[in-house]
Amino acid sequence: MEKVLVVGAGGVGSVAVTKMAMHAEIFKEITLASRTVSKCEDIAKNVKERTGVTIRTAQLDAMNVADTVALIKETGAELLVNLALPYQDLVLMDACLEAGIHYLDTANYEPEDEAKFEYSWQWAYQERFKDAGLTAILGSGFDPGVTSIMATWVRKHKLDGIRLIDILDCNGGDNGKPFATNFNPEINIREVTAPARHWENGAWIESPAMTHKYEFDFPEVGKKNMYLMYHEELESLSTHFPEIERARFWMTFGDAYINHVTVLQNIGMTGIEPVVHDGVEIIPLQFLKTVLPDPSDLGELTKGKTCIGDIITGPAKDGGDEKTYYIYNICDHEECYAEVGSQAVAYTTGVPAMIGAAMMMKGIWLDPGVWNTEQLDPDAFMDMLNTDGLPWQVVELDGHPAF
C-alpha cells in the first residue's frame with residue numbers, strides 16, 4: 001500500500017499528516033479531507049514548509065457515504081484514517097466496505113444524541129470486514145491505543161497475565177487560558193461529565209462523575225490530582241484479557257477546570273439535547289464549543305509535559321511472585337510545537353495514529369476483521385514510538401499503588 005486518505009483537519013489530523021510526510025517512504029501519497037477545506041489547505045501549507053512534501057486536500061462531508069466512496073476512488077486511497085468526530089465512525093466504516101479499503105480510527109463510536117460510547121456498534125462489523133478481506137483497527141491513539149499496546153507488551157514480555165491495570169493520563173501543561181480543553185471541547189466535556197465506571201471482579205462499578213480523586217506523583221511532572229473516569233479501553237481490555245480482575249482509568253484536572261465544568265453543567269451549557277434560542281434550535285454543548293478556545297490554536301501557548309501510561313500487576317514470567325510494572329511516556333509541549341506546530345495532547349494522539357497506519361501500510365497489522373490495538377502484536381509499534389517522538393520506559397514497582 002502507498003496511498004492514504006486522512007479524514008479530519010483538527011489538531012490530531014495536523015500532527016498525523018505531518019508525521020506521515022516525514023515518512024514519505026511509507027506514505028507515498030497523502031490526501032487530507034474535511035468539511036472545511038481551508039483548514040486542510042492551512043495544514044498542507046504547514047506540512048510543505050516543515051517537510052517539503054506536498055499533500056492533497058479535499059472537501060468532504062464525512063457523514064455522506066457516497067461522497068466518501070467517490071473521494072476514495074478519485075484518490076486511489078488504500079487506507080482511510082478517521083481523525084474526525086466519533087459520531088462519524090460507522091458511516092466511514094460503511095464507506096470503506098463499499099470502496100474496498102482498510103480503516104483505522106482513534107476513538108470508538110458514540111451517538112451524537114446520547115453521551116454513551118462503547119465498542120458494540122463497531123465490533124458488529126467484524127464479519128463484514130472479514131468477509132471483504134479488509135482490516136479495521138479501532139483506537140490507535142494514545143488512550144485508547146498506546147495504553148492498550150503497552151498492556152499487551154507487558155503481558156507478552158514481563159507477565160503471564162494482567163490481574164490489575166490502572167491507566168493514568170496526566171497533562172501537566174499550562175496554556176494560560178482561564179478555561180480550555182485539551183482536545184475537541186465537545187468530546188472532552190462529554191467524557192468528563194459522564195458517570196465514572198471501572199471493571200472489577202467481572203462487573204462494571206459505576207459512580208458519579210469526578211467523585212473519586214487521588215493525588216499521584218507523576219515522573220517529571222510532579223504531584224497532580226487525578227480523577228476516576230470511564231474510558232473505552234476499559235471495555236476492550238476487560239473483554240480481550242478476561243483474566244483482568246480490576247481495570248481503572250484516571251485523568252488529571254486542575255481545580256479551576258473542575259470548577260468551570262461544574263458551573264457549566266449546573267447552568268445547562270453541557271447539555272446535548274436541543275433547545276430553542278430566538279427561534280433557532282441549538283445544542284448547548286455545541287454552542288459552547290464555538291466560544292471556547294480551539295485546542296489546535298494552543299500549541300504556541302502551552303508549556304509543561306504530559307505523562308501517560310499503565311501500572312500493571314500480574315503473575316511473573318518466571319513463575320515467582322506477582323510483579324508490578326509502570327510503563328509510560330513523557331511528552332514535552334514545547335518540543336511538540338517546535339517539531340510539528342502542535343501541543344502535546346494532539347501530538348500524543350496524532351503520532352500513534354500515524355504509527356498504526358504505518359503498521360497497516362507495511363502489512364504488519366493486516367488481518368481481515370475488526371480489531372482493537374491490544375489484540376495485535378505490539379513490538380514493531382512500540383519500536384516506532386521510540387523513534388518517532390514518543391519514547392517510553394518501564395520500571396518495576398514494589399507493588400500496586402493503593403489508590
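Owing to the predicted nature of the structure, the values given are computational and were not obtained by experimental measurement.

Calculation criteria
Residues numbered from 1 in each chain as written. Predicted model: local features only at pLDDT ≥ 70, side-chain atom pairs only at ≥ 80, totals over all residues. Heavy atoms only, no water. Pairing = 2+ DSSP bridges. Helix = DSSP H or I, 4+ residues; strand = E, 2+ residues; numbered from the N terminus. Axes fitted to C-alpha atoms, helices over the stretch in contact; angles between N-to-C directions. Contact = heavy atoms within 4.5 Å. Buried < 20%, exposed > 50% of the residue type's maximum accessible area, 1.4 Å probe, protein only. Polar contact = N/O pair within 3.5 Å; in protein donor to acceptor, adjacent residues only side chain to side chain. Expected span 1.5 Å × (residues − 1). Core = buried A, V, L, I, M, F, W, Y, C linked by side-chain atoms within 4.5 Å. Domains from an automatic or database assignment. Salt bridge = Lys/Arg side-chain N within 4 Å of Asp/Glu carboxyl O. Buried area = accessible area lost by both parts, 1.4 Å probe. Disulfide = S-S within 2.5 Å. Parallel < 35°, antiparallel > 145°, perpendicular 65-115°, else oblique. Left-handed = near helix turned anticlockwise from the far one by under 90°. Nonpolar A, V, L, I, M, F, W, Y, C, P; charged D, E, K, R; others polar.

## Some words on the sheet that holds strand E4 (residues 79-82)
Think of a sheet as strands paired side by side through backbone hydrogen bonds, with each pair either parallel or antiparallel.
So, step 1. Spatial ordering of the open sheet is given by E3-E2-E1-E4-E5-E6-E17, a layout of 7 strands whose pairing is parallel. For this open sheet the edge positions go to strand E3 (56-59) and strand E17 (369-372), each flanked by a neighbour on one side alone. The mean angle between the axes of side-by-side strands here comes to 20°, regardless of whether they run parallel or antiparallel.
So, step 2. Pairing of E4 with strand E5 (residues 102-105) involves 4 bridges; the strand directions are parallel. The partner of Val81 across the bridge, within E5, is Leu104.
So, step 3. On the sheet, helix H2 (residues 37-51) packs against strand E2 (29-34) and E3 and is oriented at approximately 170° with respect to E3.

## Here we look at the environment of Pro284
So, step 1. Position of Pro284 relative to the elements: it lies in helix H11 (residues 284-291).
So, step 2. Judged by its relative accessible area of 8%, Pro284 is buried.
So, step 3. Distance in space between the C-alpha atoms of Pro284 and Ala136 is 33 Å, their sequence separation being 148 residues.
So, step 4. In this structure, Pro284 is in contact with Gly268, Met269, Gly271, Glu273 and Val275, ignoring residues within four places of it in sequence.

## So, helix H9 (residues 233-240)
So, step 1. With respect to burial, H9 is a largely interior element, 6 of its 8 residues being buried.
So, step 2. Of the positions making up H9, those classed as buried are Glu233, Leu234, Glu235, Ser236, Leu237 and Ser238.

## Considerations on the side chain of Gln343
So, step 1. Relative to the elements of secondary structure, Gln343 occurs in the loop between helix H12 (333-340) and helix H13 (344-361).
So, step 2. The class for Gln343 is buried, based on a relative accessible area of 4%.
So, step 3. Side-chain polar atoms of Gln343 contact the backbone nitrogen of Val345, separated by 2.7 Å.

## Things to note about H13
So, step 1. Compared with the 26 Å implied by 1.5 Å per residue over 18 residues, the 25 Å span of H13 between its first and last C-alpha is a close match.
So, step 2. Most of H13 is tucked away, with 18 of its 18 residues classed as buried.
So, step 3. A side-chain oxygen of the first residue of H13 lies 2.7 Å from the backbone nitrogen of Val345; this N-cap is Gln343.
So, step 4. Phi for Gly363, located one or two positions after H13, is positive at around 85°.

## Quick word on the nonpolar core
So, step 1. If you look at the biggest cluster of nonpolar residues, it comprises 78 residues, and the most contacted ones within it are Met20, Phe27, Val81 and Ile165.
So, step 2. Residue contributions to this core peak at 12 residues, all from H13.
So, step 3. When we break this core down by domain, the ones giving at least three residues each are domain 1 (3-138) and domain 2 (146-341 + 392-397).
So, step 4. Ignoring anything within four residues of it in the chain, the contact list for Met20 reads Val4, Val6, Phe27, Ile30, Val81, Met354 and Ala357.
So, step 5. With 25 residues, the next largest nonpolar core counts Ala58, Leu92, Ile101 and Leu138 among its residues.

## Some thoughts on the pattern of salt bridges
Two side chains with opposite charge may pair up if their charged atoms get near one another.
So, step 1. Counted under the stated rule, the structure contains 16 salt bridges.
So, step 2. Of the charged contacts in the structure, one is a salt bridge between Arg128 and Asp94, with a shortest N-O distance of 3.6 Å. Of this pair, Arg128 sits in helix H6 (residues 126-132) while Asp94 sits in helix H4 (residues 89-99), and the two are 34 residues apart along the sequence.
So, step 3. The class of Arg128 is partly exposed, set by a relative accessible area of 43%.
So, step 4. For Glu220, the salt bridge is made with Lys305, and the minimal N-O distance between the two is 2.8 Å. Of this pair, Glu220 sits in the loop between strand E10 (213-218) and strand E11 (222-229) while Lys305 is found in strand E15 (residues 305-315), placing the two residues 85 residues apart along the sequence.
So, step 5. Salt bridges sharing common partners tie together Glu29, Arg56 and Glu74.

## Quick word on the domain arrangement of the chain
So, step 1. Annotation of the chain at the domain level lists domain 1 (3-138) and domain 2 (146-341 + 392-397).
So, step 2. Computed from C-alpha atoms alone, the centre-to-centre distance between domain 1 and domain 2 is 24 Å.
So, step 3. Counting the surface lost from both domain 1 and domain 2, the interface buries some 1,700 Å², and carbon and sulfur atoms represent 53% of this.
So, step 4. Looking at the side of domain 1 facing domain 2, the largest losses of area belong to Arg50, Phe117 and Trp123, adding up to 32% of the total buried there.
So, step 5. Counting across the domain 1 and domain 2 interface gives 1 salt bridge.
So, step 6. The salt bridge partner of Lys19 is Glu339, with a shortest N-O separation of 2.6 Å.

## What to know about the state of the cysteines
So, step 1. Inspection of the entire model under this criterion finds 0 disulfides.
So, step 2. Of the cysteine sulfurs around Cys170, a residue in no disulfide, the closest is that of Cys307, at 6.2 Å.

## As for the packing of H13 against helix H14 (residues 379-387)
So, step 1. Direction vectors running N to C along H13 and H14 enclose 135°, while the axes themselves pass 10 Å from each other. The pairing of H13 with H14 is recorded here as oblique in orientation. Of the two elements, H13 crosses H14, and the hand of that crossing is right-handed. Of the residues in H14, those in contact with Pro352, Met354, Ile355, Gly356, Ala358 and Met359 of H13 are Ala380, Phe381, Met384 and Leu385.
So, step 2. For the contact of H13 with H14, the residue count by class is 9 nonpolar, 1 polar and no charged.

## Details of the packing of helix H1 (residues 11-21) against H13
So, step 1. Where H1 contacts H13, the axes come no closer than 8 Å and their chain directions differ by 45°. Viewed along their axes, H1 and H13 adopt a mutual orientation that is oblique. Considering how the two elements wind past one another, H1 and H13 form a crossing that is right-handed. Facing H1, whose interface residues are Gly11, Val12, Val15, Ala16, Lys19 and Met20, H13 presents Ala346, Tyr347, Thr349, Gly350, Val351, Met354 and Ala357.

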